[in-house]
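Observations on the model geometry
Listed below are the residues making up each chain.
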Amino acid sequence: MVFDYMDYFVSMSVGLTGFASEAIAPEIDPVGIKAVYLQAFDEKLPDGMAEQILQRYKALFDAAGGKPGNEEQLVGQMLAGSGTSPAQILAMRQLIFLWYAGAWPTVQYDNSPSRGQTFSSVISAESYTQGLVWRVMQSHPMGSSTYNYGYWAADPPPLSAYLENPV
Amino acid sequence: MSIVTPPGGFDVVIVGSGISGSIIAYQLGKAGKKVLILEGGPPVPKSREDYMQTFFTADAKTPESPYPPTTQGASGTDNPLGQPDPATLNTPRYTVLQINAWQDPKQCYFVYGPQAATSASDPQMTFAFGSSYERVAGGTTWHWLGTSLMHLPNDFQLKTKYGQGVDWPGGANFYTQLLPYYRAATEVIGVSSDRDPMVDLYKTFNVQPNGVYGPDYDFPMPGIVPSTNDALYQQNVTALKIDGIPLFVTPTPQGRNSRPGKRRQCAGNTNCIPICPIQAKYDGTVTLAQALQTGNVQIQYQSVASNIRLKGNQVSGIDYLSYDTQTGPSTGGGTAVGKRYVLAAHAIETPKLLLMSKGNPGYPNGVANSSDQVGRNLMDHVMYLAWGLAKKPVYAYRGPLATSGIEAARDGAFRSQRAAYRIEIGNEGWNWAANDPNTTLADFVFGQNNSQLNGDSVNAQGTALRFDPTLPAYSQLFGSKLATTLNDVYIRQLRLGYLIEQVPDPDNRVTLSSQYKDRLGLPRPQVTYRIREDYVRNAFVSAKQASTQIFKALGATEYTREPQNAQLSGPKASATTFRYQGQNFIFYGAGHIIGTYRMGSSPSDSVLNARQQSWDHDNLYMVGSGVFPTTATANPTLTIAALALQAADNLLHDLG
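One structure accompanies this document, and this report is about it. Small disclaimer: the values here were computed from a predicted structure and weren't measured.

What follows deals with the overall build of chain B. Regarding its fold elements, chain B presents 13 helices and 21 strands. Over its C-alpha trace chain B gives a radius of gyration of 24 Å, about what one expects of a compact globule, namely 26 Å for 656 residues. Oriented by its inertia axes, the alpha-carbon framework of chain B measures out at about 80 × 60 × 50 Å. Counting all 656 residues of chain B, 66% fall into the buried class. For chain B, contacts bridging at least 24 residues in sequence account for 72% of all contacts bridging at least 6. Of the charged side chains in chain B, 53 are positive and 49 negative, and the gap between their average positions amounts to 2 Å.

Below is the structure:
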């Protein structure tokens, strides 16, 4: 069952997104978006692919000592093709997009100067507001501000605050 | 809810409960007059949370996306966004998603004829109309920006002063007469603005301090604080001139609360369009509720006006069709009767209703249409968008969508040669211009280049646009490099919007489709829309040059994308692209649907007199931006509200 791999899903997502575990899957997590994303990751891909990707990540993680700290290096190996197929690499990139946009992407490549287009479908209202794009822009989801009047006249907290902590 | 006719009947029947209809209903209701409003759309929801959920889950977050009827459903090969067939809906309306489906009446509510031009530089080229509206209680103010500027005296005398377009009835005197109503309109809307910058601005247009809303006036609330993005412009544009006019930045008066009051204080949701989640921004439902609370105003929802009856040359009733569900059958109808009638259904549905009403003896071309001007002179502020990246962070995507503008070039001698414009400074990065944040995200995750940040793109000034020259083209990033790259881009994004004045063209018009109908069996609007005049096209050239100068002064890199050559035929025919002076331009709608039942000083070339009263039927009034003879240079809502207040006074005078 893919949900048995939740800890590895979070760890792999830390490597893929550049956000700390506490920012994307806090201990006290009233929203629980990680479960929504893991389910979508499983359902949107061909049968078993999500689990195969997570098994591969688990193997690399465990072999590297089973401790946090080198998630980016591990996903970097996988994205470079270590034990992963092109379809699995694309799936991992789709997962990055899902974390950032809260939407599942359909990627169309072509030979134009833009190399094609990407369309996406929002998973849920919460996935939209939880999208990491709003945090990397040091802001809030459009339509869901957590700030007070006039905040826009001052510089925001540093990016590190958004990458490391739930906002 | 059934209509309970008061003893003595209704004094006034109003079609439409947007800002104009609601203002008139409130003014009349306060004075003890009995009013019935027919509203085609559903009631104001108990909580706007339902609309918010619809917005959050919409794939394309367009101005209409939160509101019924639903704009997007299950997709198909020929209908990627799953746009509903307007023939299946009781109150379909035009949406911006329909612009690129303009040749397909199964997706697009407006019906367009085939492309008339043989080249994209032919002035006869026809386009999709760029702007949309809502058919719900509260109307299109659900998705307005909140900009609350006055027009200028010269806006009302364009013909006399510059030889362009037409004058408003009374010319410059129109401004003087409207001043007390402008003042009252800022109270209705609850405008936040500081007086001094407005006095300074209007002085540059030869409007003296007392001419800014009247003597001793100040706004209901202090101005909304400008954004960090605005500050960059404030510091850098003052060395520039457009057509000899020095540029400066003006904080924009806005219909949103800078203080907690009857509505909540703005929390900077950066989402004024399509929906303010906390109603810090004014919308028509505020005034509608006040109107209903007078006890003298009734509203009949889901009742679509379908025909105007005449007895002699007086309106004697308005027929309507009711429905229970958006895709269900009509469930009845009736005729609403009053002493006076007001059409407040905005600039597409109002002329449609007049044109549909052609069964009355003596008026075969429709009600109020002896001039043959109904439906003509359809206009918008056609928009030129420009976008770029600042050298240093400006922290885009924070605050109201726009908090300042460059207003200085809204009038001047240049206006005999080219259309005027105001420049809106956007706070929402490349959201509108390039569908960000998603486009930039997809580019750096999947190795694409639709943002021009991740490939080998070069701008018109010859500057390479790849954001990080140390990275290869079409990079596919992940982890901390992705996060920091996206951050670096998003917080630097700049966007300018030029609201270009359009002039009246009688051939730009709304007629009735002979072939296509809605679910109620009413004909759909057939729209013909062109931008033929060099006067307007010259403003695009000017706007492009001005943007390049402004971004240069800011030290920013311009990313404005010149559109591909227009495709003239077939299902993918270009909707809003044209070629002028050897350059391709694409225009956007400002959401300002203007004209189609204009005021004038002669019944031969206008639908309404200066009282907004039909020349043909003196118990019929019309309000909204449809009455404007020209677009002028300010966003129209404050003027719409002022004119509605003026029309209410005229009605009260008539009713005695």
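Past the structure itself, the notes keep going.
Our next topic: the packing of helix H3 (residues 33-44) of chain A against helix H6 (residues 86-101) of chain A. All names here are of chain A. Where H3 contacts H6, the axes come no closer than 11 Å and their chain directions differ by 145°. Regarding H3 and H6, the two cross each other, and that crossing is right-handed. Here Ile33, Lys34, Tyr37, Ala40 and Phe41 of H3 lie close against H6, whose contacting residues are Ala91, Leu95, Leu98 and Trp99. For the contact of H3 with H6, a count of residues per class yields eight nonpolar, no polar and one charged.

Two aromatic rings, taken as a pair, are described by how far apart their centres are and by the angle between their planes. As enumerated under the stated definition, the model contains 43 aromatic pairs over all chains in all. An angle of 80° between the planes, with centres 5.3 Å apart, marks the rings of Tyr151(A) and Trp152(A) as edge-to-face. Across this residue pair, the class does not change: Tyr151(A) and Trp152(A) are buried. Judged by centre distance (6.3 Å) and plane angle (65°), the ring pair of Tyr384(B) and Phe585(B) falls under edge-to-face. With a gap of 201 residues between them, Tyr384(B) in strand E11 (residues 382-389) and Phe585(B) in strand E19 (residues 583-586) connect regions that are remote in the sequence. Comparing Tyr384(B) with Phe585(B) shows no difference in burial state: the two are buried.

With that settled, the discussion passes to helix H5 (residues 195-203) of chain B. Since the α-helix turns once every 3.6 residues, residues separated by three or four places project in the same direction. The complete set of buried residues in H5(B) reads Arg195(B), Met198(B), Val199(B), Leu201(B) and Tyr202(B). Buried positions in H5(B), seen along its axis, are confined to an arc of 165° and lie on one side of it.

Attention now moves to the sheet that holds strand E6 (residues 297-300) of chain B. Residues and elements named next belong to chain B. With parallel pairing, the five strands of this open sheet are ordered in space as E6-E2-E1-E10-E21. Either end of the sheet is taken by a strand with one partner, and the two such strands are E6 and strand E21 (620-622). Ignoring which end each strand starts from, the neighbouring axes of this sheet average 20° apart. Of the pairings in the sheet, the one linking strand E1 (residues 10-15) to strand E10 (residues 338-343) comprises five bridges and is parallel in character. Bridging across to E10, Val12 finds its partner in Arg340.

Reading guide: rules and limits
Residues numbered from 1 in each chain as written. Chains lettered and ligands numbered in written order. Predicted model: local features only at pLDDT ≥ 70, side-chain atom pairs only at ≥ 80, totals over all residues. Heavy atoms only, no water. Helix = DSSP H or I, 4+ residues; strand = E, 2+ residues; numbered from the N terminus. Rg over C-alpha atoms; globule rule 2.2 N^0.38 Å. Buried < 20%, exposed > 50% of the residue type's maximum accessible area, 1.4 Å probe, protein only. Contact = heavy atoms within 4.5 Å. Lys, Arg positive; Asp, Glu negative; His and termini not counted. Charge placed at Lys NZ, Arg CZ, Asp CG, Glu CD. Axes fitted to C-alpha atoms, helices over the stretch in contact; angles between N-to-C directions. Left-handed = near helix turned anticlockwise from the far one by under 90°. Nonpolar A, V, L, I, M, F, W, Y, C, P; charged D, E, K, R; others polar. Phe/Tyr/Trp six-rings, centres within 6.5 Å; stacked < 30°, edge-to-face > 60°. Arc of directions from axis to C-beta. Pairing = 2+ DSSP bridges.

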